[in-house]
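What follows is the residue order along each chain.
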Amino acid sequence: MANRLSASLSPYLLQHADNPVDWWEWGEEAFAEARRRDVPVLLSVGYAACHWCHVMAHESFEDDEVARVLLEGFVSVKVDREERPDVDAVYMAATTALTGHGGWPMTCLLTPSGDPFFAGTYLPREQFLALLDNASRVWAEQRDQVLASGAHVAQRLREVTGPPAPAPVPAEVLDRAVARLRTDHDDARGGFGGAPKFPPSMVLELLLRHHARTGSPDALAMVRSTCSAMARGGMYDQLAGGFARYSVDAGWVVPHFEKMLYDNALLLRVYAHLWRATGDPLARRVAEETADFVVRDLATAEGAFASALDADTVVDGHSHEGLTYAWTPAQLEELLGPDDGRRAAALLEVTPGGTFEHGASTLQLLADPDDPAWWSEVRARMLDARDRRPQPARDDKVVTAWNGLAVAALADTGALLDRPDLVDAAARAADHVLDTHVVDGVLHRTSRAGTVSAAPGVLEDHGDLAEGLLALHQATGEARWLAAAGRILDDALDRFVDDDGTVHDTAHDAPPLYARPASRTDGAEPCGASALAGALLTSAALTGSARHRAAAEQALAACGSVAAAEPRFAGWTLAVAEAVLAGPLQVAVVGDGPDAEALVEQVLASPSPGMVRVAGRPDAPGVPLLADRPLVGGAAAAYVCRGFVCDRPVTTPDDLREVLARG
């Protein structure tokens, strides 16, 4: 019999809808039930593409004895961390504080008031049962001590996880950050640190912006090294495009196979910007292939983008990581014939011993093929054969923040690479999110199949969606995207920022948790404060809004202490700081036809991190940069302004190139 989760919109919760566990969704009803029964709460947090979440589900949550123990002594609550990042954040802080590490699945025991008194991650069945037995006994025999311990833990966490004091991010902090990154850079294999190695997308964007502002050769060299290593290794899908979540080794050979929308959106933008800076054909190829992967494999029927492809492939009820993607030499020879099979194996590092499991190998492309036509044909045949294998599941919920990142990446890349189809895909996604996720003026976090969930939007949803809408405005010149971004940002300032300027991840009117999250760390994606800062800064440059400029600097300063201390975990904060120092540089192109297109091409070639741009007809309604900008002698013209002080308009690409080269 299906449990309460069968009514959920979350694919992760639906994976547990047939468990014998009497699951509840997060909410006041679950805690009221715990108070009524006078029992603790078992909180289990994970996400649909998580390998070890699947393992614990199979070992424990599908087990009748575990279900019986939970029913007798606990109220069991299941949370999708991607749907409720606020819940995940506060209890992950507890898990990290109590155990020294974090991860998913996250397993916590809470008092009926929500205070944590135990926290951990994956627990094998016998260890999990022992924990539940011990917790039940302690709850029955030492209740006062448990309640006091939980209250103490919650209070200490509120004290130590509160937002740090604001600190500015001047040029010297950026210089020190790049020097620190240079020390941490893996010169032999690209990236930073050792195994497991994650794609440092926002750090790479910082380094590209720093190179554009200062000319630093070290900054560009780190980007080129890391982007080449990631794109040629097993973490990149050499057949279909797109990046896996991370590499389990330091050499980018074996990935953890789930493909997340946010990773691919952030990396897509990096590779497009690397191509702009260098003309590197590898960067352009990877940018186009990754964009095509996002549009082809993650697009939903409603026009938005799904969250992820799973790490595992399920066959006969059993999960197998990498089954869809790995190859043996024998499989290649059977598909391609002996000669082409051996040739493909040599090209793709498919070895007799294997680089993965059970003698299979992930695919790497460490060097470009000698015969591109041959490789194109072989690649198509391999992809066709792979498509006939069992496929990983797709988490098709639509997350506002991640769709915002994808909209920004597709709009930006589509403009840079002259791919209007990508800009169109970005517009479809933005329309869906605005039409579906904004309910009575309030932005929500997720939807599925066109139905919005009750999960409230958090700060990153507002910042990342506004970032995408502003990128669309610059790519299309359409006023509606700028107006929508302004509404989202004003709502964020009203509901997430205190009178004293403190920036929170949850709105003032959100249901309270034991602590109010206020992250300042850019992890796998920008934190709420840095996302807000970046979007506000762009909005201010496009509109002249003094309120947005001041709020951008305030939100940036909120992340300043983390940026100074740990630049690897403040990539987007530092990238926004580069834009502050380099801008605002505002460029408006008026007119149409080939002359205007030639001017726009010059604008797109500029890597200035402080630049905003728009093109359209003079005095187009709702587009401030085009106001009072007439044609010059009846011809298309470009207006370039620095800090709201404007040069005389130019009408030729050469003159515009010269003006933009000044900074």
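This one's a predicted model, so the numbers in the text were calculated from it and none came from an experiment.

**Quick look at the overall build of the chain**
Here is step 1: Helices and strands together make up the secondary structure of the chain, namely 25 helices and 21 strands.
Here is step 2: Considering only C-alpha atoms, the chain reaches an extent of 85 × 70 × 45 Å along its principal axes.
Here is step 3: Looking at the chain as a whole, 58% of its 663 residues are labelled buried.
Here is step 4: Pairs at least 24 residues apart make up 68% of the contacts formed inside the chain by residues separated by at least 6 positions.

**Examining the packing of aromatic side chains**
Here is step 1: Applying the stated criterion to the full structure yields 14 aromatic pairs.
Here is step 2: Centroid distance Phe-61 to Phe-128: 5.9 Å. Interplanar angle 90°. Geometry classified as edge-to-face. Here the residue Phe-61 occupies a position in helix H3 (residues 51-61), and Phe-128 occupies one in helix H6 (residues 125-141), the gap between them amounting to 67 residues.
Here is step 3: When its relative accessible area of 2% is taken as the criterion, Phe-61 is described as buried.
Here is step 4: In textbook terms, an aromatic cluster arises when at least three aromatic residues are bridged by ring pairs, as seen for Trp-26, Phe-31, Tyr-91 and Tyr-514.
Here is step 5: When the ring centre of Tyr-47 is taken as reference, the NZ or CZ atom of Arg-81 above it lies at 5.5 Å.
Here is step 6: Over the aromatic face of Trp-374 sits the side chain of Arg-343, whose NZ or CZ is 3.9 Å from the ring centroid.

**Comments concerning the environment of Ala-541**
Here is step 1: Position of Ala-541 among the secondary structure elements: in helix H20 (residues 528-543).
Here is step 2: A C-alpha to C-alpha distance of 52 Å links Ala-541 and Ala-360, two positions 181 residues apart in sequence.
Here is step 3: In this view, Ala-541 contacts Pro-584, Gln-586, Val-612 and Leu-625; residues no more than four positions away in its chain are not counted.

**Comments concerning the sheet that holds strand E3 (residues 75-80)**
Here is step 1: Spatial strand order, E1-E3-E2-E4-E5: 5 strands in an open sheet with mixed pairing. Only two strands of the sheet have a single partner each, and these edge strands are strand E1 (23-25) and strand E5 (116-120). Strand after strand, the sheet turns through a mean of 25° between neighbouring axes, direction not considered.
Here is step 2: With respect to the sheet, helix H5 (residues 85-99) is in contact with strand E2 (41-46), E3, strand E4 (106-110) and E5, its orientation differing from that of E5 by roughly 80°.

**Focus: helix H21 (residues 546-558)**
Since one α-helical turn is 3.6 residues long, residues separated by three or four positions face the same way.
Here is step 1: If you check H21, its first and last C-alpha atoms are 19 Å apart, about what 13 residues at 1.5 Å a residue would give, namely 18 Å.
Here is step 2: If you check which residues of H21 are buried, you get His-548, Ala-551, Ala-552, Ala-555, Leu-556, Ala-557 and Ala-558.
Here is step 3: Check the buried side of H21 and you find it contacts helix H19 (479-496), H20, helix H22 (560-565) and helix H23 (571-582).

**Remarks on the pattern of salt bridges**
Here is step 1: Counted by the stated rule, this structure contains 54 salt bridges.
Here is step 2: Arg-284 is paired through a salt bridge with Glu-288; the nearest N and O atoms lie 3.1 Å apart. Within this pair, Arg-284 and its partner Glu-288 are both found in helix H12 (residues 281-297), separated by 4 residues, close to a single helical turn.
Here is step 3: Overall, Arg-284 belongs to the partly exposed group, its relative accessible area being 25%.
Here is step 4: Salt bridges here are not isolated pairs; linked through shared partners, they connect Arg-284, Glu-288, Asp-292, Arg-419 and Asp-421.

**Examining the state of the cysteines**
Here is step 1: Following the criterion strictly, the structure yields 2 disulfides and no others.
Here is step 2: Residue pairing for Cys-50: its cysteine sulfur links by disulfide to Cys-53, the two sulfurs lying 2.4 Å apart. Handedness of the Cys-50-Cys-53 disulfide follows from its S-S torsion of about 80°: it is right-handed. The same class applies to Cys-50 as to Cys-53, namely buried.
Here is step 3: The residue that forms a disulfide with Cys-641 is Cys-646, at a sulfur-sulfur distance of 2.0 Å. The S-S bond linking Cys-641 to Cys-646 shows a torsion near 95°; that makes this disulfide right-handed.
Here is step 4: Note on Cys-646: relative accessible area 41%, which makes it partly exposed.

**Some remarks on unusual backbone geometry**
Here is step 1: Cis peptide bonds are those with omega within 30 degrees of zero, and the linkage from Trp-104 to Pro-105 qualifies with 5°.
Here is step 2: Here Pro-105 lies in the loop between H5 and E4.
Here is step 3: Going from Ala-195 to Pro-196, the amide bond is cis rather than trans, its omega being -10°.
Here is step 4: Here Pro-196 is to be found in the loop between helix H8 (171-184) and helix H9 (201-214).
Here is step 5: Of note in this structure, Trp-252 is not a glycine but carries a positive phi near 65°.
Here is step 6: Here Trp-252 is to be found in the loop between strand E6 (246-247) and strand E7 (255-256).
Here is step 7: You can call Trp-252 buried: its relative accessible area is 0%.
Here is step 8: One non-glycine residue, Asp-628, adopts positive backbone phi at about 55°.
Here is step 9: Within the secondary structure, Asp-628 is located in the loop between strand E19 (611-616) and strand E20 (637-642).
Here is step 10: On the basis of relative accessible area, Asp-628 is assigned to the exposed category, the value being 67%.

**Thoughts on the nonpolar core**
Here is step 1: One finds Phe-128, Tyr-271 and Leu-532 to be the most contacted residues of the largest nonpolar core, which totals 159 residues.
Here is step 2: When residues of this core are assigned to their parent elements, the largest contribution, 11 residues, is made by helix H16 (residues 400-416).
Here is step 3: Residues Trp-24, Val-90, Met-92 and Cys-108 belong to the second largest nonpolar core, which totals 27 residues.

**Thoughts on the side chain of Asp-80**
Here is step 1: On the secondary structure map, Asp-80 appears in strand E3.
Here is step 2: Side-chain polar atoms of Asp-80 contact the side chain of Ser-10, separated by 2.7 Å.
Here is step 3: A polar contact is formed between the side chain of Asp-80 and the side chain of Lys-397, at a distance of 3.3 Å.
Here is step 4: Among all residues touching Asp-80, those that are not within four sequence positions of it are Ser-10, Tyr-12, Leu-13, Gly-46, Tyr-47 and Lys-397.

**Overview of the sheet that holds strand E17 (residues 451-452)**
Here is step 1: The sheet built from 3 strands is open, its strands ordered E13-E16-E17 with antiparallel pairing. This sheet does not close on itself; its edge strands, each paired only once, are strand E13 (398-399) and E17.
Here is step 2: Sheet analysis places strand E16 (residues 446-448) next to E17, joined by 2 bridges and oriented antiparallel. Within E17, the position partnered with Ser-447 by the bridge is Val-452.
Here is step 3: The sheet contacts of helix H17 (residues 420-437) involve E13, E16 and E17, and relative to E16 the element is tilted by about 100°.

Calculation rules
Residues numbered from 1 in each chain as written. Predicted model: local features only at pLDDT ≥ 70, side-chain atom pairs only at ≥ 80, totals over all residues. Heavy atoms only, no water. Helix = DSSP H or I, 4+ residues; strand = E, 2+ residues; numbered from the N terminus. Buried < 20%, exposed > 50% of the residue type's maximum accessible area, 1.4 Å probe, protein only. Contact = heavy atoms within 4.5 Å. Phe/Tyr/Trp six-rings, centres within 6.5 Å; stacked < 30°, edge-to-face > 60°. Lys NZ or Arg CZ within 6 Å of the ring centre and 35° of its normal. Pairing = 2+ DSSP bridges. Axes fitted to C-alpha atoms, helices over the stretch in contact; angles between N-to-C directions. Expected span 1.5 Å × (residues − 1). Salt bridge = Lys/Arg side-chain N within 4 Å of Asp/Glu carboxyl O. Disulfide = S-S within 2.5 Å. Core = buried A, V, L, I, M, F, W, Y, C linked by side-chain atoms within 4.5 Å. Polar contact = N/O pair within 3.5 Å; in protein donor to acceptor, adjacent residues only side chain to side chain.

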